[in-house]
Amino acid sequence: MTLGFPGSTFRYESSYAFEFYNKVRNPVMVESFQAILDAYEFTAEQDSSAAVENASERASMANSLKYFQGIQDGFEKYSVIQKKKEREQAFEQWVKSDSIRNARYGRVLSQLDQAFNIASQTGDLLYATYYALNNSTLLQIGSLYDPYFEYLQNPDSLSFSQGRRDTLVKQHEQLLESVNPEAQTIMLKQMIETLATLPEDKKPLYFVNLFGGASGEQLKSQIHSFAKNKIERSLAYRPDSGKTFLNLSIQKAGALQLDPMVKLYREIYDSFIFARQNYSQHIAYLDPARKLYVEGMLNFRQDSTEYADANFTLRLSGGRVLGYSPGDGIYNTPFTTFEGMRSPEDYRSKAV
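Let me begin by describing the structure that accompanies this report. Each residue is numbered by its place in its chain's sequence as written, counting from 1. Since the coordinates come from a predicted model, pLDDT governs what is reported: local features require at least 70, and pairs of side-chain atoms require 80 or more to be given and counted, while whole-chain, interface and lining totals use all residues. Derived side-chain values reflect all non-hydrogen atoms in the structure, with water molecules and hydrogen atoms excluded from consideration.

For the rest of this paragraph, the subject is the overall build of the chain. The secondary structure listing takes helices from DSSP runs of H or I that are at least 4 residues long and strands from runs of E that are at least 2 residues long, numbered from the N terminus. When helices and strands are tallied, the chain shows 17 helices and 4 strands. The globule rule used here is 2.2 Å times the number of residues to the 0.38 power, and the radius of gyration it is set against is calculated over C-alpha atoms. In terms of overall dimensions, the chain is more spread out than a globule: its C-alpha atoms have a radius of gyration of 27 Å, far above the 20 Å expected for 352 residues. Any residue under 20% of the maximum accessible area for its type is buried, any over 50% is exposed, and the rest in between are partly exposed; the area is computed with a 1.4 Å probe on protein chains only. The 352 residues of the chain split such that 38% are buried. Here, two residues are considered to be in contact whenever any of their heavy atoms come within 4.5 Å of each other. A separation of at least 24 residues holds for 78% of the contacts in the chain among residues at least 6 apart in sequence. Counting only carbon and sulfur atoms, one obtains 51% of the accessible surface of the chain, whose full area is about 20600 Å². In this tally, Asp and Glu contribute negative charge and Lys and Arg positive charge; neither His nor the terminal groups of the chain are included. In this description, the location of a charge corresponds to atom NZ of lysine, CZ of arginine, CG of aspartate or CD of glutamate. Positive and negative side-chain charges of the chain, numbering 38 and 42 respectively, have mean locations separated by a distance of 3 Å. Method for areas: the Shrake-Rupley scheme with a 1.4 Å probe, in which residue coverage is limited to the protein chains shown.

Of note, Glu13 is situated in the loop between strand E1 (2–4) and helix H1 (15–46). The term polar contact refers here to a pair of N or O atoms within 3.5 Å; inside protein, the definition further demands a hydrogen-donor-capable atom paired with an acceptor-capable atom, and it admits residues adjacent in sequence only when both atoms are side-chain atoms. Reaching out from Glu13, the side chain makes a polar contact with the side chain of Tyr21 at a distance of 2.8 Å. Engagement of the side chain of Glu13 in a polar contact is seen with the side chain of Arg290, the distance being 3.4 Å. Glu13 has contacts with Phe18, Tyr21, Lys84, Arg290 and Tyr293, leaving out every residue within four places of it along the chain.

Moving on, we come to the pairing of strand E3 (residues 324–327). Sheet analysis places E3 next to strand E4 (residues 330–332), joined by 2 bridges and oriented antiparallel. Residue pairing across strands places Gly327 opposite Ile330, the latter belonging to E4. Here, a strand pair is defined by DSSP locating no fewer than two bridges between the strands. What sits between E3 and E4 in their antiparallel hairpin is a turn of 2 residues, with Gly329 showing a positive phi close to 75°.

Let us look at the packing of helix H6 (residues 108–135) against helix H7 (residues 137–153). Only C-alpha atoms enter the line fits that serve as axes; for helices the fit covers just the stretch in contact. Angles between N-to-C directions range over 0 to 180 degrees. Interaxial distance between H6 and H7 falls to 5 Å at its minimum, and their mutual angle equals 80°. Here H6 lies roughly perpendicular to H7, going by the angle between them. Along the contact surface, H6 presents Ala132, Leu133, Asn134 and Asn135, while H7 presents Thr137, Leu139 and Gln140. Within the contact of H6 with H7, the residues separate by chemical class into 3 nonpolar, 4 polar and no charged. Comment on the angle field: the value is read as roughly parallel under 35 degrees, roughly antiparallel over 145, roughly perpendicular from 65 to 115, and oblique elsewhere. Amino acid classes used here: Ala, Val, Leu, Ile, Met, Phe, Trp, Tyr, Cys and Pro are nonpolar; Asp, Glu, Lys and Arg are charged; the rest, including Gly, are polar.

In short, geometric facts, not functional conclusions.
Here you go:
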């Protein structure tokens, strides 16, 4: 019926993977995508020309958001994880009933469990920091100034030429000109909220110190206050202030407090590095176990109609051609005829 190139499908994933997606990864992705989309939409509402320019990005982000929201709804609506677990229980019994199978597949499920336990330790923190760092222009501006603040702490062993300072200001100006600063603030506040509402054992200490155990409207209020009193006073919003700062003497510049946007960038970046290092450890367990899981499941099911994942390869999809019923007592055939395409006026004139 159709030929196409699917992106990524998850037909052969385990219940352990689905639980990780459902409880750890997807909630953070949904919140991050919503924050990005809200910034795009705010920008579009403020400027009609910007609305035209970011129409493609808005549509793409809205589609991604809808996709992951649909996945989350599907997990609940169709009991996907429970069905996977039931199948894996039957698979485990099948494996144990034969010594050869047990030698090959006996540790598969426990390895998958171990892999996703490791991934779950920092997976949500990893995705939250990743989307913040890669989508917040304000944090990216903070990253531009971070090396200069490092230089101020140790000017004798590091160097920062005037040409490099001029380039930094130019990059700052270009980044800020490409976005709506107010929209970027909206996005950043929502991303801070995502980080501040992670489970207590995963929440960065910086946000614990800032907001304690606040939640709900109280947390939103504290984030709003933090934005007003700290990050919105950052030189990230003002390239002229950045240029003035870079032209101060080393002694004067070094005596100033760390810029709040640079501080925020450092804290999020350090959390990202920590989360990535921990998260990556699960791959050594996952890759070999996943291959054996798919192999074992195919042998267990012996189902000739099993579809391949076919990720990023050409796929032919087949099916039955049927009509549909859009309402009670109404049935539309699956084929259109010339008569069926005629307008109601044609039928009325014919009846007359």
